[in-house]
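Take a look at the letters that make up each chain.
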Amino acid sequence: MAKKTTSKKSGKTAPARTPASGGRLLRWFRRWALRIVLVPVTLVIVLVLLFSLVNPPITLTMWQEHGKYGRLERSWMPLDDIAPVMARSVVAAEDANFCLHWGFDVTAIRAALEDGGARGGSTISQQVVKNVFLWQGRSWTRKALETLITPLVEIFWSKRRILEVYLNVAETGEGVFGVEAAAQRAFGVPAAKLSARQAALIAAILPAPRSRSAAKPSDRVSRRARAIADGAATIRADGRAACFED
């Protein structure tokens, strides 16, 4: 039988708090904590599965840029309708071991750490996760979420799908997203008709698309483009483009 306590104000007795009531409160708290965790986890898994087949309609970055510039320049293109040299150029520029890793390039991460964080060590897979599911900017929270979601994308998406999404959601200028819009704006040609030089120039501006121009490249961008063109030819010759080329 539960013990009773006397209220000083009313003089009435009330049942004392028992271990059973404390246990019910703890179970309630655990149940809701589990729900709070499971809801976003389930949502992410559903979106990863959905976007393995359906093109992401918009990203947080696109939505933010729409607020700045109004109408965005973007046009989704299947990988088959993008010049193969464009795909190779992006891989050579951003993630030369794209076909060899499972989402994280340990060598690139180690090099970035040794360089004091002056350069990024993110793979194309990680950048897709950031662009499609998360937000821009540097924070431990975003990086932790990126690290958790990237393996899911690698499990459920093919390498071709990862690269296809990247080529369509990457920012390529102020209010410009994807290589199709970049090709049209910079060179007046569709992404399917890009030359090796043009593809390398677009890839060269990706780290800083708002301050670099593919149409009017600086000396630095031109030098970078030449190195990317050489890298694109190299990964084609040594087989590192095999996972995304027919």
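An account of the accompanying structure is given in this report. Throughout this description, residue numbers start from 1 for each chain and increase along the sequence as written. Local features are withheld for residues below a pLDDT of 70 in this predicted model, meaning they are given only at 70 or higher, and side-chain atom pairs are given and counted only at 80 or more; totals for whole chains, interfaces and linings count all residues. Hydrogens and waters are ignored; side-chain quantities use all the structure's heavy atoms.

## Re the overall build of the protein chain
Okay, step 1: Scanning the protein chain from terminus to terminus reveals 10 helices and 5 strands.
Okay, step 2: Expressed as a percentage of contacts within the protein chain between residues at least 6 apart in sequence, the contacts between residues at least 24 apart total 64%.
Okay, step 3: Computed with a 1.4 Å probe, the accessible areas rest on the Shrake-Rupley method; for each residue, only the protein chains presented here act as cover. Per element, the accessible surface of the protein chain, about 14300 Å² overall, is 59% carbon and sulfur. Secondary structure elements are taken from DSSP: a helix is a run of H or I of four residues or more, a strand is a run of E of two residues or more, and numbering for both begins at the N terminus. Throughout, a contact is declared for two residues whenever any of their heavy atoms are within 4.5 Å.

## Here's the deal with the packing of helix α9 (residues 196-205) against helix α10 (residues 219-237)
Okay, step 1: Only C-alpha atoms enter the line fits that serve as axes; for helices the fit covers just the stretch in contact. Angles between N-to-C directions range over 0 to 180 degrees. One way to put it is that α9 packs onto α10 with a least axis distance of 8 Å and a crossing angle of 115°. Here α9 runs over α10; the crossing is right-handed. Two secondary-structure elements touch here, α9 through Arg197, Ala200, Leu201, Ala203, Ala204 and Ile205 and α10 through Val221, Ser222, Arg224, Ala225, Arg226, Ile228 and Ala229.
Okay, step 2: Residues of the contact of α9 with α10, tallied by class, amount to 9 nonpolar, 1 polar and 3 charged. By convention the crossing between two helices is left-handed if the near helix lies anticlockwise of the far one by an angle smaller than a right angle, and right-handed if it lies clockwise. Side-chain classes follow a simple rule in which Ala, Val, Leu, Ile, Met, Phe, Trp, Tyr, Cys and Pro form the nonpolar group, Asp, Glu, Lys and Arg form the charged group, and the remainder, Gly included, forms the polar group.

## Remarks on the environment of Ala83
Okay, step 1: Secondary-structure assignment places Ala83 in the loop between β3 (73-74) and α3 (84-94).
Okay, step 2: Here the alpha-carbon distance between Ala83 and Ala191, two residues 108 residues apart in the chain, equals 6.0 Å.
Okay, step 3: Each residue touching Ala83, except ones within four places of it in the same chain, is listed here: Ala191, Ala192 and Leu194.

## Digging into helix α5 (residues 124-133)
Okay, step 1: The buried fraction of α5 amounts to 10 of the 10 residues, a majority that puts the element mostly inside the structure.
Okay, step 2: For the exposure calls, accessible area comes from a 1.4 Å probe over protein chains only, and a residue counts as buried if that area is under 20% of its type's maximum, exposed if over 50%, partly exposed in between. Within α5 the residues assigned to the buried category are Ile124, Ser125, Gln126, Gln127, Val128, Val129, Lys130, Asn131, Val132 and Phe133.

## Some thoughts on the environment of Val91
Okay, step 1: Mapping Val91 onto the fold places it in helix α3.
Okay, step 2: Accessibility expressed as a relative area gives 0% for Val91, which makes it buried.
Okay, step 3: Along the backbone, Val91 and Ile235 are 144 residues apart, and their C-alpha atoms lie at a distance of 8.6 Å.
Okay, step 4: If we ignore the near neighbours within four places in the chain, the residues touching Val91 are Ala96, Phe98, Ile124, Leu163, Ile235 and Phe244.

## Describing the state of the cysteines
Okay, step 1: Disulfide assignment relies on a single distance test, namely cysteine sulfur atoms paired within 2.5 Å. Overall, the coordinates contain 1 disulfide when judged by the stated rule.
Okay, step 2: The partner cysteine of Cys99 in its disulfide is Cys243, sulfur to sulfur 1.9 Å. Between Cys99 and Cys243, the S-S dihedral sits near -75°, and the bridge is therefore left-handed. Of this pair, Cys99 sits in the loop between α3 and α4 (106-114) while Cys243 sits in the segment after α10, and the two are 144 residues apart along the sequence.

## Observations concerning the sheet that holds strand β4 (residues 171-173)
Okay, step 1: Any two strands with at least two DSSP-identified bridges between them are counted as paired. One open sheet accounts for 3 strands, arranged β3-β5-β4; its pairing is mixed. Two strands close off the open sheet at either side, each with one partner strand: β3 and β4.
Okay, step 2: Bridging between β4 and strand β5 (residues 176-177) involves 2 bridges; their strand directions are antiparallel. Residue pairing for β5: Gly173 is matched across the bridge by Val176.

## Topic: a positive patch on the surface
Okay, step 1: Together, Arg24, Arg27, Arg31 and Arg35 line one region of the surface with positive charge.
Okay, step 2: Here Arg31 is to be found in helix α1 (residues 19-51). Exposure above 30% relative accessible area and no salt bridge define the residues that can form patches, which grow by joining like charges within 9 Å and nonpolar side chains of Val, Leu, Ile, Met, Phe, Trp and Tyr within 5 Å. Salt bridges are identified by distance alone: a Lys or Arg side-chain nitrogen within 4 Å of an Asp or Glu carboxyl oxygen. Charged residues are defined narrowly, with Lys and Arg counted positive, Asp and Glu counted negative, and His plus the chain ends left uncounted. Charge positions are represented by NZ for Lys, CZ for Arg, CG for Asp and CD for Glu.

## Structural notes on the pattern of salt bridges
Okay, step 1: One pass over the full model with this rule turns up 9 salt bridges.
Okay, step 2: Glu245 serves as the salt-bridge partner of Arg88, at 2.4 Å between the closest nitrogen and oxygen. On the criterion of sequence distance, the pair formed by Arg88 in helix α3 and Glu245 in the segment after α10 is long-range, its members being 157 residues apart.
Okay, step 3: Exposure remark for Arg88: the relative accessible area of 9% places this residue in the buried category.

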